Structure formats: C-alpha cells, structure tokens
Amino acid sequence: MGTVERAGDATSEMESGEEEIVGGGELAQHLMQSGLTRTEMLAAITNRIHAETLASLPPNVRRRIRALRSLQKDFVDIEAKFYSEVHALECKYEKLYKPLFEKRAQIVNGHYEPTDEECQNPWRDDSEEEELARAVQNASLTEGEDKKEGNDNKPVEPPMDPNVKGIPDFWYTIFKNVAMLNEMMQEHDEPIIKCLQDIRVQMHEDPFGFTLEFHFAPNDYFTNTILTKEYSMKCKPDDDNPLEFEGPEIYSCKGCEINWKKGKNVTVKTIKKKQKHKSRGSVRIVTKSVQADSFFNFFSPPAVPEDPDSDIQNLLTADFEIGHYIRERVVSRAVLIYTGEGLDDDDDDYEEEEEEECSSEESDDEEPAPRRRGKKGGKGAPQDAPAECKQQ
C-alpha cells in the first residue's frame, strides 16, 4: 500500500513551491502561463535544478553518468524478469492455497465441522481465552436476570444459539474491522454483506493480473451468486521512461453487471427536486435517480482516463490499492482480521464520526451530499445472519 501524506506536509510543500515559482525568473513565468498544475510546475522546476547541477559537471563525468544510466537500464530489465517469475510463482502457489481456502469456506458457512485434532493450536495457550469466554457468558446471564427483574428497561438480547452452524457474519465482521472496507460499506449495504460467504482470488499468468470473486448466498437484493472484479497488471518498463520502473503495477480494472431485483438496487437513490416555471412561476416536483454511496459501486469502476492527473485517475488509484489490499491481506489472513490479531494500526484505531443525514425530499436545487460512515464500535461480537440471506 502506498504511504499517506499528511495534509499539513502537502500544504507546506505547495506553499514552498509557489514561492519558488513566483521568484523563479523566466522559467517560473513561462510555467505559470503554460496552464500546468502546481505539481507539474514543481516537477519541472525540480528537473531543471537537477539538469543544471549535472550541466555544471565536467564533460568526462557527465559521460560516465550516462554509462551508469545504461547499467541502470540493464538492471531494470533483469528486475522486470524477476517480478515476472515472482508472479508465476504466485500463480503456482495459488493452486496449493486453494484447498485450504475451500476448507475455510466450508467451516465458515457450516458445511464442515472440524475435528478435535484440527482445532488444536499447539503454538498458543487457549486457557486465557476460555476463561474470558466463561466470564463474558456469566456476565451476560447476570445482566439478563437483572433485566427480567425490571432493573433495566432495555430489551434483553437473545444470546447466540450455542448450536449455530459455521461462523456467523464472518466476512461482515472483517468488513467492519478493516477501515477502508468499513468506510465503503454504507448502512444499506450491511444486510447484503452479511450474505457474503467467501472472497477468493484467481491469479492470471497471461495476461498478467488477478480476479477477485465475491461469493454470496441467495438473497433478496440480486440474483448473482458471484460478483467479480478483474485487475490487469503490467510488469514491463515503459519504453519512453524505462528507469521509472518500480515493479508490477495495476493499470486497469473491470467490474461485473449486478442483476438487481426490482426496487433493491442500493447503488441508486431517488431524490425529489423542485422546478419553477420561468414565465408562469408555477412549481412542480420531479423525481430523479442519482448514484448513491455504496460498497457495490466497487463493481462499476470508471474507464481509465487519458489525463493521468484527473480526479477519475485518483479514484482508480484508490480502487487499485483496495483491490491489492483485499488480495494481499484480506483473503490470505481473513481469520486474523476477524479476530483482530492481523489488523493494521490504522484499522485498529478508527473512530465513528457523527454526521447529519439530509432527507432527499427536502432537497431543492442541489443533490444531497454523499454520506461517509466511520467504523462503529470496533471489533464487537458478530450478530446472527439477517433474514435476507436464504439457506442453501
């Protein structure tokens, strides 16, 4: 994953760069009139500084630097072959991982009950965990008795069925625990995510890339049983700028069509707008369908734009990072993310933000601003699966 730049650092850099541009003489004036972005102007000035530094060196030193560039190009060519072989190894080992992930899915979804031997973790002591579980259970029983006696007006929550099959809300809990996934998941997405049975990765050796498969139980929202997101990668240095090669990179992605049931599409919402007639002054109410915030927009990515600095490209870059993270971390370490043992620091310290939600019926000329949700409650105990999921 890429590093996150602090807003303060970026601002300081921009302000510093702007001062350079203003006082940078003819080059700065030319760049300011060229219509370039600040980032592009700063890059141009930096390149000019480096070029002037090299130009101040003796000719024989500059000649040797060109020889070093040629050696660097040879290194990049070998490095590209290295990464290609690494990808081939990933494709090979995916076949070895596959039966493990299949058994995991069977256990999670209640299709297979592990043996006592399979439940042994000899490298860790489970006594503390069992003792804590007994304490939690006793506390729940005591709390339930107090509520029955009228000491608390809150309704008594039924305990989880001790004979429940599988691991309820396994993937939903993972979505709640991973900050970037929880931020994408809206409240209206949650009943669908609770129907998620498995996430799998299919590696592609030729063409270079991978596909994420999201397997769902039959539900009230769409007829698909599998939603896919395919990522295309390249592992070849650019012909014009070969020395900028830093390894394999995702350059495009393709989603899938979701066959929504009537009235169940959570990626669109209907808003009401007032329209005033210019001459008569009469007002009418019209309805309009607009895109709604939803995790399931993940399966409808925009096309790759020609402008590398566009907002769409920034969205795609974030999308690529999410796809890479799901492949590298979420799928391979699912149980550790579920328990909280494998969470990154930023996932484990994600706070809820309270925001007001505007009613679509109150909107006038402006559409409601999209609502982003923070993480609620951290790693709480999973709840029973919703009624929207049908048993297979």
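Our structure's up above, just so we're on the same page.
Residues numbered from 1 in each chain as written. Predicted model: local features only at pLDDT ≥ 70, side-chain atom pairs only at ≥ 80, totals over all residues. Heavy atoms only, no water.

1. So, a negative patch on the surface
The test is simple: Patch members must show over 30% relative accessible area and no salt bridge, and they are joined within 9 Å when carrying like charges or within 5 Å when they are nonpolar side chains of Val, Leu, Ile, Met, Phe, Trp or Tyr. Method for areas: the Shrake-Rupley scheme with a 1.4 Å probe, in which residue coverage is limited to the protein chains shown. Just to be clear on terms, a salt bridge is a Lys or Arg side-chain nitrogen sitting within 4 Å of an Asp or Glu carboxyl oxygen. By the counting scheme adopted, Arg and Lys are positive, Glu and Asp are negative, and His together with the chain ends is not counted. Here the site of a charge means NZ on Lys, CZ on Arg, CG on Asp, or CD on Glu. The secondary structure listing takes helices from DSSP runs of H or I that are at least 4 residues long and strands from runs of E that are at least 2 residues long, numbered from the N terminus. For the exposure calls, accessible area comes from a 1.4 Å probe over protein chains only, and a residue counts as buried if that area is under 20% of its type's maximum, exposed if over 50%, partly exposed in between.
A contiguous patch of negative charge, built from D238, D239, D240, E244 and E246, is present on the exposed surface. With respect to the helices and strands, the residue E246 is situated in the loop between β3 (226–234) and β4 (249–254). A residue is classified by how much of its surface remains accessible, and E246, at 75% relative accessible area, is exposed.

2. Points about helix α4 (residues 59–108)
Short version of the rule: What a helix should span is 1.5 Å times the count of its residues minus one. What is called the bend at a residue is the angle between a pair of axes, fitted to the seven residues leading up to and ending at it and to the seven starting from it. In this description, contact between two residues means that some pair of their heavy atoms is separated by no more than 4.5 Å.
Taking 1.5 Å per residue, 50 residues should reach 74 Å; α4 reaches 68 Å between its end C-alpha atoms and fits that length. The largest bend in α4 amounts to roughly 35° and is located at L96, with the proline P99 lying one to four residues further along. Among all positions of α4, only V76, E79, A80, H87, C91, E94, R104, A105 and V108 are buried. Buried positions along α4 lie against α6 (170–177), β1 (196–204), β2 (209–216) and α10 (334–339). Immediately downstream of α4, the backbone of G110 shows phi near 75°, a positive value.

3. Quick word on a nonpolar patch on the surface
Taken together, the side chains of L89, Y93, L96, Y97 and L100 make up a nonpolar region of the molecular surface, amounting to roughly 530 Å² of accessible area. Relative to the assigned elements, L100 resides in helix α4.

4. Regarding the pattern of salt bridges
The final tally for this structure, using the stated rule, is 13 salt bridges. Two residues, K73 and D77, come together in a salt bridge whose shortest N-O distance is 2.8 Å. A residue pair is termed a helical-turn pair when its members lie 3 or 4 positions apart in one helix, as K73 and D77 do in helix α4 at four residues. Here K73 falls in the partly exposed class, since its relative accessible area comes to 30%. Residue classification places D77 among the partly exposed residues on the basis of a relative accessible area of 29%. Of the charged contacts in the structure, one is a salt bridge between R200 and D198, with a shortest N-O distance of 2.7 Å. The exposure class assigned to R200 is partly exposed, which follows from its relative accessible area of 30%. Because the salt bridges share partners, they merge into one network encompassing R124, D126, E129 and E341.

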